Amino acid sequence: NRAIFSKKAIGVRRQFVDFDQSIPFDILAVNVDNGSEFINNQMINFMRRESGKKPITFTRSRAYKKNDNCYVEQKNFTHVRELFGYERMEDPRLVILMNEIYKLYWNPLQNFFIPTFKLKEKIRVGVRIVKKFDAPQTPYDRLMKSNHVSDERKEALMKAKAKLNPFDLKVTLEEKLKTFFDELRKSK
């Protein structure tokens, strides 16, 4: 997760580069909505990977089909609104604090310690759809079982997890969120 103060292309690209450097696997494809914050020369050059990495497949949603990105859009609630609320943020300093919260507390807690369900299959039984899920696992556990992540990156992930304490992360997350909301109130 990354927060951006405006929809300017350079800021969006900067956060994509930061995100790309922080994840333990290569980005294969990105599907974006039709907004100008994503469809611009800055992002196209990033996807081409002029830095020498393998290019990223860059696709966009169909015009006037707002439900194309419904799975991403539902994360706006759980990963943004539940955490930071619905208030409009006018102070660019809040974005710095939001990214600190995401990178240092929220993402490690979610990725290393909070298990999630993953849909295995959907079967139609008459008029009903029956969903079957895998056993809950953390994203970390899924990566450790993946053949698409190198042993070196798995080793780095194990070291990173060994340094973390979920209880400390949660307490510090709550403290940082309190600071964030105090700053938000002051900026109004």
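What counts and how
- Residues numbered from 1 in each chain as written.
- Predicted model: local features only at pLDDT ≥ 70, side-chain atom pairs only at ≥ 80, totals over all residues.
- Heavy atoms only, no water.
- Salt bridge = Lys/Arg side-chain N within 4 Å of Asp/Glu carboxyl O.
- Helix = DSSP H or I, 4+ residues; strand = E, 2+ residues; numbered from the N terminus.
- Buried < 20%, exposed > 50% of the residue type's maximum accessible area, 1.4 Å probe, protein only.
- Expected span 1.5 Å × (residues − 1).
- Contact = heavy atoms within 4.5 Å.

Asks: Before we go on, may I ask you to explain the pattern of salt bridges in this structure?
Replies: A side chain of one charge can pair with a side chain of the opposite charge when the charged atoms of the two come close. With the rule as written, the count across this model stands at 11 salt bridges. In this structure, arginine 49 engages aspartate 20 in a salt bridge whose closest nitrogen and oxygen atoms are separated by 3.2 Å. A residue pair is termed long-range when its members are at least 10 positions apart, and arginine 49 in the loop between helix H2 (41-48) and strand S2 (57-60) and aspartate 20 in helix H1 (residues 9-22) qualify at 29 residues. With respect to class, arginine 49 is no different from aspartate 20; both count as buried. The salt bridge involving glutamate 100 is made with lysine 176; its shortest N-O contact spans 2.8 Å.

Asks: Would you take a moment to explain H1 for this structure?
Replies: Note on helix geometry: an α-helix contains 3.6 residues per turn, so any two residues three or four positions apart are oriented the same way. Relative to the 20 Å expected for 14 residues at 1.5 Å per residue, H1 spans 20 Å between its end C-alpha atoms, a close match to the ideal helical length. Those residues of H1 that fall on the buried side of the exposure criterion are Ala9, Gly11, Val12, Gln15, Phe16 and Asp20. Of the surrounding elements, those touching the buried residues of H1 are strand S1 (29-32), H2 and helix H4 (92-113).

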